[in-house]
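# Notes for the structure review
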Amino acid sequence: MTIRVVVADDQELVRSGFALILDVQKDIEVVAEVGDGAAAVAAVRELAPDVALLDIRMPELDGIEACRRISAESACRTVMLTTFDADEYVYEALHAGASGFLLKDVRRDDLVHAVRVVAAGESLLAPSVARRLIEEYTAATARQPAVPPAAADRLEVLTARERETLLHLGRGLSNAEIAAALVVSEHTVKSHVGNVLAKLGLRDRIQAVICAYETGLIAAGTPSGE
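Note that the coordinates shown come from a computational prediction; the quantities given were computed from them, not determined experimentally.

### Description of the environment of Y89
Relative to the helices and strands, Y89 is located in the loop between strand 4 (77–82) and helix 4 (90–95). When sequence neighbours within four positions are dropped, the list of residues in contact with Y89 reads I56, R57 and I64.

Dropping the structure here:
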């Protein structure tokens, strides 16, 4: 199956470069290159692609609002692109429905891999962006009241092993790292992750990270590596 992609970036050289890298892949077709968020939304409506690569900072309509509209109106999955791993809009973009977040200096192979992963229904974050997300959420929740009982009760549907899996997801671990921590196979971890997402009604691993904090499974202020 061919993965159909829309690339949106207001810098023509960046946009063309990403499109060229993707379009030479046998399983990927770039169906549109656009220079602003409004054009990206229009292209998704017209062409129904599988994935949209969106620069966060674009004229007419920024990437976050474009992502929000695309996520609400279609099955197209979005990958956000930014120049800075300290972008203050990381958390907002993920809440808007983004399935991936990459830096613009991403390696060629990693860009292609990200598109394939997201098209397959998974999510993907550059490691530095994952750390940023966790740090931002930790800082925000540190200023909030204690987690309400109703939020914590949400986890009662999980088995003990599934709670452990969610805990590790919240800390940003990959399936291989979770497998090592739990001393099980990656196949087993994949099954646990699928159960966690299904039982909690989560779209992907990114929402699992957010859920781990919102339910108090990981306390605000806890370093991600602990």
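Text resumes after the structure shown.
### A word on the pairing of strand 3 (residues 51–55)
In terms of residue burial, strand 3 counts as a mostly covered element, since five of its five residues are buried. Side chains V51, L53 and D55 of strand 3 all project onto a buried face; the interleaved residues A52 and L54 project onto the opposite face, where all are buried too. As paired strands, strand 1 (residues 3–8) and strand 3 are joined by four bridges and run parallel to one another. Looking at strand 3, one finds that A8 is bridged to L54. Two strands pair when backbone bridges link them, and strand 3 and strand 4 are joined in this way by five bridges, in the parallel orientation. Among the inter-strand pairings, L54 is bridged to a residue of strand 4, identified as M80. Read from strand 3 through helix 3 (residues 63–73) to strand 4, the crossover connection turns out right-handed.

### Some details on the packing of helix 9 (residues 175–182) against helix 10 (residues 186–200)
Relative orientation of the contacting elements helix 9 and helix 10 amounts to 105°, with a least axis distance of 9 Å. In this view, helix 9 runs roughly perpendicular relative to helix 10, as classed from their interaxial angle. Along the contact surface, helix 9 presents N175, A176, I178 and A179, while helix 10 presents E186, V189, K190 and V193. Tallied by class, residues from the contact of helix 9 with helix 10 come to five nonpolar, one polar and two charged.

### Looking at the pattern of salt bridges
Going through the model one piece at a time under the given rule, you end up with nine salt bridges. With a shortest N-O distance of 3.3 Å, K104 and D55 are connected by a salt bridge. With K104 in the loop between strand 5 (100–103) and helix 5 (108–119) and D55 in strand 3, this pair connects stretches of sequence that are 49 residues apart. For D55, a relative accessible area of 5% translates into the label buried. The partner of K199 in a salt bridge is E162, with the nearest N and O atoms 2.9 Å apart. Of this pair, K199 sits in helix 10 while E162 is found in helix 8 (residues 160–170), placing the two residues 37 residues apart along the sequence. With relative accessibility at 4%, the residue E162 sits in the buried group. Sharing partners across several salt bridges, the network here consists of D9, D55 and K104.

Parameters at a glance
- Residues numbered from 1 in each chain as written.
- Predicted model: local features only at pLDDT ≥ 70, side-chain atom pairs only at ≥ 80, totals over all residues.
- Heavy atoms only, no water.
- Helix = DSSP H or I, 4+ residues; strand = E, 2+ residues; numbered from the N terminus.
- Contact = heavy atoms within 4.5 Å.
- Buried < 20%, exposed > 50% of the residue type's maximum accessible area, 1.4 Å probe, protein only.
- Pairing = 2+ DSSP bridges.
- Right-handed = clockwise from strand over helix to strand, strands pointing away.
- Axes fitted to C-alpha atoms, helices over the stretch in contact; angles between N-to-C directions.
- Parallel < 35°, antiparallel > 145°, perpendicular 65-115°, else oblique.
- Nonpolar A, V, L, I, M, F, W, Y, C, P; charged D, E, K, R; others polar.
- Salt bridge = Lys/Arg side-chain N within 4 Å of Asp/Glu carboxyl O.

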